[in-house]
Amino acid sequence: MDSHVILRHRDIPNIKQIEVYRQQGGYEAFHKAVTEMKPDQVIDVVKASGLRGRGGAGFPAGLKWSFIPKDIFPKYVVVNGDESEPGTFKDREIIEQNPHQFIEGVLLTCYAVQAATGYIYMRGEFKQPAQVLQKAVDEARRAGLIGKNVFGSEYSVEIHLHLGAGAYICGEETALLNSLEGFLGQPRNRPPFPAVQGLYAKPTVINNVETLANVPPIIKNGAEWYRKFGTEKSPGTKVFCLSGRVKRPGNYELPLGVPFKHLIYELGGGIIDDRPLKAILPAGASAPLLPASVIDTPMDYEAVQAAGSMLGSASLIILDDTVDTLWAVEKMVKFFRHESCGKCTPCREGTYWLAREMARIRRGEGKPQDIDLLLDITKNMSGKCFCLLGDFSTSSVTSSIKLFRDDYVKATGGGRG
Ligand code: SF4
């Protein structure tokens, strides 16, 4: 696309500096909200825009905000900036290159739900983005946009950055809250949901970085303007992370609903050495693999789900015919084994068994019946784990056996007669 809603630094040099951001109309949406709109009106505009959470689940943001009770204080806004899905690198670019748009989104969300404190949680490895963000927060505070009585109103707000120790599970919202409170980063039981009892057992909104970066342009330009991008059920633009066997990997901002083909072949330059496309992982390591035949499928939440996977964070990892299926699956399974928090048995033991069996098959020590053994392990994990990480660890195994069973048969000696 010619102009960007989120990756605006590509069109406007130095937008990370507060002066440049303000020259471009930055913080006007926050000013408009605080001086002209009631908090509920901000929620209504975001609801009408149809903005859906960009962290993976795709839940409508305005609806989530409307669940926050009006009469309980304090309440909090917590931003999930713990980006750690393999193949995902969009939030980092937003934070490093366009931090003020993101901060303005956090401030608007705080105002909408009447939270006086916002926390931005980032993984510990994000030292450089955290420095950029802290500088931007300090600039905003010096400009009177963060602090007491913003724009001379009665509304006061603070924003704090928090760096975690770097664990994938802390991207799960309740594990994130535990970590933010200083406890072990393990998921909590739900209900109660964070909107009712979140941080310090108070009502809490949790949203992802990209989601909130969408809010300032929505408040500034209106819900109808935003709905001009994307599809009816998946409005707006999305930052797609493209990696794997493509000529031009990177982040691409596109309206939701653009076909895979456009991103992979026109923007991504096609497959390295012009090899045939083998499979697409549409949402990093956690989503089921999709076959090359989905190439004309629109990239929106509904269409990708109908094709048998999920759009999630829209982190496309591209596999071509040179990629050994079992090698790729073993890598993903090992990742989840490493990141399992150990709280529940099906995941703690299941990821270990999956990784062990995949390694054994890859060493040439497997038998044809081990394919069914793998499926049996996934069956004993799916839907039986405490959080979604356990299910995610089975996606690549089950989908690859469905799509590329021959590769498993060959590796287990089934094709050798
Ligand atoms: S599914 Fe895995 S990551 Fe989630 S709680 Fe259980 S052990 Fe922890």
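Look above for the structure.
These lines cover the structure that appears in this document, whether it is placed above or below. (Residues numbered from 1 in each chain as written. Predicted model: local features only at pLDDT ≥ 70, side-chain atom pairs only at ≥ 80, totals over all residues. Heavy atoms only, no water.)

Before going further, it helps to examine the overall build of the chain. The number of helices and strands found in the chain is 17 helices and nine strands. Taking 2.2 N^0.38 as the reference for a compact globule, 417 residues should give roughly 22 Å; the C-alpha atoms of the chain span a radius of gyration of 22 Å, in line with that estimate. Projecting the C-alpha coordinates of the chain onto the three principal axes gives extents of approximately 80 × 45 × 35 Å. Looking at the chain residue by residue over its 417 residues, the buried ones come to 56%. When contacts within the chain are restricted to residue pairs at least 6 apart in sequence, those whose partners lie at least 24 apart make up 70%. Counting every atom, the chain has about 17,200 Å² of accessible surface; 52% of that belongs to carbon and sulfur. Between the mean site of the 50 positive side-chain charges and the mean site of the 47 negative ones, the chain shows a separation of 3 Å. (Helix = DSSP H or I, 4+ residues; strand = E, 2+ residues; numbered from the N terminus. Rg over C-alpha atoms; globule rule 2.2 N^0.38 Å. Buried < 20%, exposed > 50% of the residue type's maximum accessible area, 1.4 Å probe, protein only. Contact = heavy atoms within 4.5 Å. Areas by Shrake-Rupley, 256 points an atom, 1.4 Å probe, with all protein chains shown as cover. Lys, Arg positive; Asp, Glu negative; His and termini not counted. Charge placed at Lys NZ, Arg CZ, Asp CG, Glu CD.)

Once that is clear, we can look at helix α16 (residues 369-379). For α16, the set of buried residues is Asp370, Ile371, Leu374, Ile377 and Thr378. Projected down its long axis, α16 carries its buried residues within an arc of 120 degrees, all on one side. For α16, the exposed residues set more than 90 degrees away from the buried face come down to Gln369 and Lys379. The secondary structure elements touched by the buried residues of α16 are α15 (345-362) and α17 (388-411). (Arc of directions from axis to C-beta.)

Moving on: the sheet that holds strand β9 (residues 315-320). Two modes of strand pairing occur in sheets, parallel and antiparallel, and in both the strands are linked by backbone hydrogen bonds. Reading across from one edge, β6-β5-β9-β7-β8 is the order of the five strands in this open sheet, with mixed pairing throughout. In the strand order of this sheet, the two ends are held by β6 (250-255) and β8 (290-291), each with one partner. Sheet analysis places strand β5 (residues 237-244) next to β6, joined by six bridges and oriented antiparallel. Paired with Cys241 across the two strands is Asn251, which belongs to β6. On top of the sheet, helix α12 (residues 260-267) reaches β5, β6, β7 (277-285), β8 and β9; it is set at about 135 degrees to β6, its chief contact. (Pairing = 2+ DSSP bridges. Axes fitted to C-alpha atoms, helices over the stretch in contact; angles between N-to-C directions.)

The full set close to the ligand counts 13 residues, and Cys341, Lys343, Cys344, Cys347 and Cys387 are the nearest of them. Class assignment of the residues belonging to the shell around the ligand gives a composition of nine nonpolar, three polar and one charged. (Near = heavy atom within 4 Å. Nonpolar A, V, L, I, M, F, W, Y, C, P; charged D, E, K, R; others polar.)

The buried fraction of β7 is high, at nine of nine residues. Pairing geometry for β7 and β9, over four bridges, is antiparallel. Each residue of the ladder has a partner; that of Leu281, found in β9, is Ile317. As paired elements, β7 and β8 share two bridges and run antiparallel to each other. Its bridge partner being in β8, Ala279 is matched across the sheet by Pro291. The antiparallel pairing of β7 with β8 creates a hairpin that spans four residues between the two strands.

Counting buried positions along helix α8 (residues 173-180) gives eight out of eight residues, so the element sits mostly inside the fold. The set of residues buried in α8 consists of Glu173, Thr174, Ala175, Leu176, Leu177, Asn178, Ser179 and Leu180. Close packing links the buried residues of α8 with α4 (61-66), β1 (76-81), β2 (117-122), β3 (158-163) and β4 (204-208). Looking one or two residues past α8, Gly182 carries a phi angle of roughly 95 degrees, positive in sign.

Attention now moves to the nonpolar core. Ranked by internal contacts, the top residues of the largest apolar core, which has 60 residues, are Trp65, Phe102, Ile103 and Val106. Considering each element in turn, this core owes the most residues, nine residues, to helix α6 (residues 99-113). Sequence-distant contacts of Ile103, defined by excluding residues within four places in its chain, comprise Tyr27, Leu133, Ala136, Val137, Ile146 and Ile159. Ranked by size, the runner-up nonpolar core spans 44 residues in total, among them Val78, Leu176, Leu326 and Met332. (Core = buried A, V, L, I, M, F, W, Y, C linked by side-chain atoms within 4.5 Å.)

This brings us to the packing of α15 against α16. It is the contact of α15 with α16, at a shortest axis distance of 10 Å, that shows an interaxial angle of 165 degrees. As judged from the angle between their axes, α15 and α16 are roughly antiparallel. Note that α15 runs across α16; the crossing there is left-handed. Of the residues in α16, those in contact with Gly350, Trp353, Leu354, Glu357, Met358, Arg360 and Ile361 of α15 are Asp370, Leu373, Leu374, Ile377 and Thr378. When its residues are assigned to classes, the contact of α15 with α16 shows seven nonpolar, two polar and three charged. (Parallel < 35°, antiparallel > 145°, perpendicular 65-115°, else oblique. Left-handed = near helix turned anticlockwise from the far one by under 90°.)

Inspection of every chain in the model, using the stated rule, returns twelve aromatic pairs. With a centroid separation of 6.3 Å and 45 degrees between ring planes, the pair formed by Trp225 and Tyr226 is classed as tilted. Judged by relative accessible area, which is 0%, Tyr226 ranks as buried. Among the aromatic residues, those joined into a cluster by ring pairs are Tyr76, Tyr119 and Tyr200. A cation over a ring is seen here: Lys75 above Phe73, with NZ or CZ 4.4 Å from the ring centre. Taking the ring centre of Phe404 as reference, the NZ or CZ of Lys278 above it sits at 5.2 Å. (Phe/Tyr/Trp six-rings, centres within 6.5 Å; stacked < 30°, edge-to-face > 60°. Lys NZ or Arg CZ within 6 Å of the ring centre and 35° of its normal.)

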